[in-house]
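Structural overview for review
Letter by letter, the chains look like this.
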Amino acid sequence: MSDDPVPLRVQGPAMQIVHDIGSLRAGTVYWAPAVEAPERGWAGLPNSHRGSRYLIDAETLRPGHDGFPVFLSRADCLRWIMAQQRAIAESAPGAHIHAVRLDSWMLGLDAL
């Protein structure tokens, strides 16, 4: 029996797209791209509140909470962000894109 996580969908050697958080292996550190709404009614997600936190959808490159990419290293996450930066900036205007440690982000223990 292998200890490797079984990704729902793999995009390259280091990225996994997550639709169900239960598909991730417990005890593994994952990194994901995230943004914070800079203002209420933000163009990136019109019904958002200032300070609302979102992950980036891997296919649409828009803020959300489903279909987000995770990486096994911060460096891989940052490379993906840099490769997608223009498209993410268009769909999340005015927000800073960060690589966040997923477990801390989900618990609200990080500071973007």
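Our subject in this report is the structure included herewith.

Rules of the game
Residues numbered from 1 in each chain as written. Predicted model: local features only at pLDDT ≥ 70, side-chain atom pairs only at ≥ 80, totals over all residues. Heavy atoms only, no water. Helix = DSSP H or I, 4+ residues; strand = E, 2+ residues; numbered from the N terminus. Contact = heavy atoms within 4.5 Å. Areas by Shrake-Rupley, 256 points an atom, 1.4 Å probe, with all protein chains shown as cover. Polar contact = N/O pair within 3.5 Å; in protein donor to acceptor, adjacent residues only side chain to side chain. Phe/Tyr/Trp six-rings, centres within 6.5 Å; stacked < 30°, edge-to-face > 60°. Buried < 20%, exposed > 50% of the residue type's maximum accessible area, 1.4 Å probe, protein only. Lys NZ or Arg CZ within 6 Å of the ring centre and 35° of its normal. Salt bridge = Lys/Arg side-chain N within 4 Å of Asp/Glu carboxyl O.

A few points about the overall build of the protein
Helix and strand counts for the protein stand at 2 helices and 6 strands. When its helices and strands are written in sequence order, the protein yields β-β-β-β-β-α-β-α. Long-range pairs, those at least 24 residues apart, make up 52% of the contacts in the protein between residues at least 6 apart in sequence. Just so you have it, the protein exposes about 6,600 Å², and 53% of that area is on carbon and sulfur atoms.

Things to note about the environment of Tyr 30
Here Tyr 30 is to be found in the loop between β1 (15-18) and β2 (31-36). One polar contact links the side chain of Tyr 30 to the main-chain amide nitrogen of Arg 25, over a distance of 3.1 Å.

What about the packing of aromatic side chains?
Within this structure, the stated rule accounts for 2 aromatic pairs. Ring geometry for Phe 71 against Trp 80: centres 6.1 Å apart, planes inclined by 45 degrees, an arrangement best described as tilted. The pair formed by Phe 71 and Trp 80 is uniform in burial state, with each residue classed as buried. Seen from the ring of Trp 105, Arg 53 lies directly overhead, with NZ or CZ sitting 4.6 Å from the centre.

Let's talk about the pattern of salt bridges
One pass over the full model with this rule turns up 2 salt bridges. For Arg 79, the salt bridge goes to Asp 76, with nearest N and O atoms at 2.5 Å. A residue pair is termed a helical-turn pair when its members lie 3 or 4 positions apart in one helix, as Arg 79 and Asp 76 do in helix α1 (residues 74-91) at 3 residues.

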